[in-house]
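Residues per chain, in single letters:
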Amino acid sequence: MMSNLPSTLCVVLAGGLGRRMGGGDKPMREIGGRAILDHVIERLEPQCDGLLLNANGDPARFARFRLPVIADPVEGYPGPLAGILAALEWTAANRAGVEWVVSAAGDCPFLPRDLITRLQEARLADGADLAVAASGGQVHPVIGLWKVALRDELRHALVEEDLRKIDRWTARYRLATVSWPHEPVDPFFNANTLDDLAEAERLTTQAD
Ligand SMILES: Nc1nc2c(ncn2[C@@H]2O[C@H](COP(=O)(O)OP(=O)(O)OP(=O)(O)O)[C@@H](O)[C@H]2O)c(=O)[nH]1
Ligand SMILES: [Mg+2]
């Protein structure tokens, strides 16, 4: 990262089933002639010290992105916390010294270009363990800054306690919340349905 903030990896969460869109990989759906994942990578790559892709099934379908593809380390599609756990455990095993991971959803084509800086700065300013993003008065806990050292506690919560909701896990820690303006385009707009894809196509001309 081009600052004096701590080294931070980024994980793109693409581990969901995309049921509201009829299944398949939402990040591979196209907007403006490119996969949503291309938009996500273009926005995140300059901000971080390495990108990971969390996805289940055959990693070969993502080969052209040339990213490490890491599967959920727990079975049964328990939700985005599984992808966050995958990233924290991968980072601990493969990138010694990196203490922070930012997660972003793979269906968000307009992510802020200052996402990591602002999450890290808020976390430091508040003396927090974690930070999450918000816009338009809504918190988006899938987009957050996570401490690698909390991986065992997260694994315990997921596996032993069957905890699923991100909010229920973050409530256990000191949490910073960082808001972004949602005009002209909500940077956390996410494409969940085919109608959302059409909406994203319209918004792409207005996004920065
Ligand atoms: N690793 C992992 N990520 C998940 C899981 N479920 C959802 N996600 C991710 O969490 C983010 C937000 O989830 P949704 O927008 O609901 O995506 P989804 O679950 O694929 O879609 P629906 O089935 O329509 O709800 C997306 O980036 C998903 O890829 C899961 O079980 N494992
Ligand atoms: Mg979504």
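Remember, predicted model here, so these are calculated numbers, not experimental data. (Residues numbered from 1 in each chain as written. Chains lettered and ligands numbered in written order. Predicted model: local features only at pLDDT ≥ 70, side-chain atom pairs only at ≥ 80, totals over all residues. Heavy atoms only, no water.)

**Re the site of ligand 1**
Then, in step 1: In the region of ligand 1, 20 residues are neighbours, and Gly18, Arg19, Arg20, Asn54 and Asp72 sit closest.
Then, in step 2: Taking 600 Å² as the accessible area of ligand 1 by itself, protein coverage stands at 87%.
Then, in step 3: Per-class residue counts for the shell around ligand 1 are 7 nonpolar, 8 polar and 5 charged. (Near = heavy atom within 4 Å. Areas by Shrake-Rupley, 256 points an atom, 1.4 Å probe, with all protein chains shown as cover. Nonpolar A, V, L, I, M, F, W, Y, C, P; charged D, E, K, R; others polar.)

**Some points on the coordination of the magnesium ion (ligand 2)**
Then, in step 1: Within the first shell, the magnesium ion (ligand 2) binds the protein through Asp107 (OD), Asn190 (OD1) and Asn192 (OD1), at distances of 2.2 to 2.4 Å.
Then, in step 2: Between the donor residues of the magnesium ion (ligand 2), the gaps in sequence give the motif D-x82-N-x1-N. One end of the pair, Asp107, is in the loop between β6 (100-105) and α3 (115-126); the other, Asn192, is in the loop between β9 (175-180) and α6 (194-203), with 85 residues separating them in the sequence. Each member of the pair, Asp107 together with Asn192, is buried. (Donors = N, O, S within 2.8 Å, 3.2 Å for Na, K, Ca; no water. Helix = DSSP H or I, 4+ residues; strand = E, 2+ residues; numbered from the N terminus. Buried < 20%, exposed > 50% of the residue type's maximum accessible area, 1.4 Å probe, protein only.)

**Digging into the UniProt feature "binding site: GTP" in the protein chain**
Then, in step 1: Feature annotation in UniProt assigns "binding site: GTP" to the following positions: Leu13, Ala14, Gly15, Lys26, Asn54, Asp72 and Asp107.
Then, in step 2: Judged by relative accessible area, which is 12%, Gly15 ranks as buried.
Then, in step 3: Mapped onto the elements, Lys26 comes out in the loop between β1 (8-13) and β2 (30-31).
Then, in step 4: The residues touching Lys26, leaving out its near neighbours within four places in the chain, are Gly18, Met21, Ile36, Asp107, Ala191 and Asn192. (UniProt positions renumbered as here; feature names shortened; annotations may be inferred. Contact = heavy atoms within 4.5 Å.)

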